Each structure stands twice: as C-alpha cells, then as structure tokens.
Amino acid sequence: MLFALIAAMLAAAPIAAPVAPGVAAPTDKVPTDIRRLTILVRDVDASLKLYRDVLGLKVNYDAEIAVSGVALPAGVPGNKTRLVLLNGNDAWIGWIGLMQYTDPPLPDPGPYPTRLARGGHVLVTNTDDAAKRCAAAKAVPGVTFTADAHDSTYPGRNGAPPIRVRGCNFFDPDGTFIELNQILR
C-alpha cells in the first residue's frame with residue numbers, strides 16, 4: 001500500500017531532458033551505445049519497489065528465462081531466472097535489468113554493503129524531484145543511505161559555468177550504489 005501511494009505520488013510529472021552547461025549533443029557517432037546494466041538481485045519484487053515505484057522507471061519486459069551458466073557466468077546450466085527490464089525516457093539506451101536466479105537460487109551474498117570497493121560501480125541518474133524521490137527511497141527496505149539530499153557544485157565542462165545538482169547517495173538492496181541527482185538551473 002505504501003509503495004503504491006509513493007508510486008502514484010512520484011509518477012505525476014514527466015522529466016524534462018537534462019541540460020548542463022558545456023554539454024552538447026555529440027556531432028560524431030561512436031561505435032558503441034551503453035544499452036543496459038543488468039543487476040543480479042536477491043528479490044526482483046523487492047527491487048521493483050525502488051526502481052519502478054520510487055525512481056519511476058517503466059517495466060517493459062518481465063519473463064522467466066533459462067540461462068546457460070556460460071555466456072552469463074553465474075548459476076548452473078539451465079538455471080531458471082526472472083528477468084525484468086525497465087527503461088527511463090529513451091527507448092534504446094539507459095535501461096536497467098533486474099535478474100533473480102530462482103531455481104536454483106544463487107548463494108546468499110551476505111550482508112548489505114555500506115562502502116564501495118574495487119570492482120564496485122556507481123549508477124548516476126537524473127530525476128525530476130531529487131528531494132522527494134530521495135525521501136521515498138529511504139522507505140524502501142534494504143536501501144542504505146550514505147548521504148541525504150544535498151546540493152553539490154561541480155566544475156563546468158569546456159569552460160562553461162559550474163554544474164549544480166541536488167541529490168542523495170545510497171546502496172540499493174543488492175549493492176548497486178546510486179547517485180540520485182537532479183540538475184539545477
């Protein structure tokens with residue numbers, strides 16, 4: 001019930017395309033796009049409370065699939081998984097995949113992380129109302145905050161004015177570190 005209320009509250013306003021001083025659309029195409037980050041999770045439904053209900057990403061695929069254990073080196077050949085794909089405002093890039101190994105499950109990874117280490121990763125986002133979404137993220141079980149909503153200023157690119165953002169920082173329930181940002185004008 002709480003998460004349905006949070007989801008309804010956060011889905012109200014569309015996100016405007018981010019703009020930052022000194023950042024221009026590329027004029028030359030590079031050979032590779034980053035399409036998706038897939039996160040191996042303990043519990044897809046619990047992760048959806050953050051990625052779908054708080055961040056507002058849209059579920060566009062939800063299926064049980066068997067994996068080889070080779071191409072994606074985890075689990076065992078024929079392992080059953082549940083894969084949920086979510087997207088933001090682009091139909092091709094910036095997606096998040098949530099994959100739970102269901103039969104058999106992967107071994108318990110132990111306690112939730114509280115610090116980044118070598119091999120860790122940071123998922124940087126841009127949202128419409130960082131203060132509101134940061135507060136909602138705190139209500140999700142397993143989320144570990146390292147910094148509440150605050151304003152930061154970074155040097156501008158290519159001599160442009162500084163870039164100002166409001167955001168918070170936290171680990172999701174499976175160890176992905178998230179910077180939940182809103183570019184300020």
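Everything below is about the structure printed above this text.
Anyway, here's the lowdown on the structure attached to this text. (Residues numbered from 1 in each chain as written. Predicted model: local features only at pLDDT ≥ 70, side-chain atom pairs only at ≥ 80, totals over all residues. Heavy atoms only, no water.)

**A look at the nonpolar core**
Judged by nonpolar contacts, the single largest core of 23 residues is most densely connected at Leu50, Tyr51, Leu98 and Phe170. Leaving out residues up to four positions away in the same chain, phenylalanine 170 has contacts with Leu50, Ala137, Val143, Thr144, Phe145, Thr146, Thr176, Phe177, Ile178 and Leu180. Residues Val67, Ala74, Leu83 and Leu85 belong to the second largest nonpolar core, which totals 7 residues. (Core = buried A, V, L, I, M, F, W, Y, C linked by side-chain atoms within 4.5 Å. Buried < 20%, exposed > 50% of the residue type's maximum accessible area, 1.4 Å probe, protein only. Contact = heavy atoms within 4.5 Å.)

**A closer look at the sheet that holds strand 3 (residues 79-87)**
Spatially, 1-4-3-2 is the arrangement adopted by the 4 strands of the open sheet, whose pairing is mixed. Edge positions in the open sheet fall to strand 1 (36-40) and strand 2 (58-67), since each of these has one partner strand only. This sheet shows a mean twist of 20° between the axes of neighbouring strands, independent of strand direction. Relative to strand 4 (residues 95-103), strand 1 runs parallel, the two being bridged by 5 bridges. Within strand 4, the position partnered with isoleucine 39 by the bridge is leucine 98. (Pairing = 2+ DSSP bridges. Helix = DSSP H or I, 4+ residues; strand = E, 2+ residues; numbered from the N terminus. Axes fitted to C-alpha atoms, helices over the stretch in contact; angles between N-to-C directions.)

**Brief notes about unusual backbone geometry**
Backbone geometry follows two general trends: most residues other than glycine have a negative phi, and most peptide bonds adopt the trans configuration. The step from aspartate 103 to proline 104 runs through a cis peptide bond, and the omega angle for that step is -5°. Here proline 104 lies in the loop between strand 4 and strand 5 (122-126). Backbone geometry at asparagine 158 places phi at a positive 50°, although glycine is not the residue there. Its location among the elements puts asparagine 158 in the loop between strand 6 (144-154) and strand 7 (163-171). Looking at asparagine 158, the relative accessible area reads 74%, which means it is exposed.

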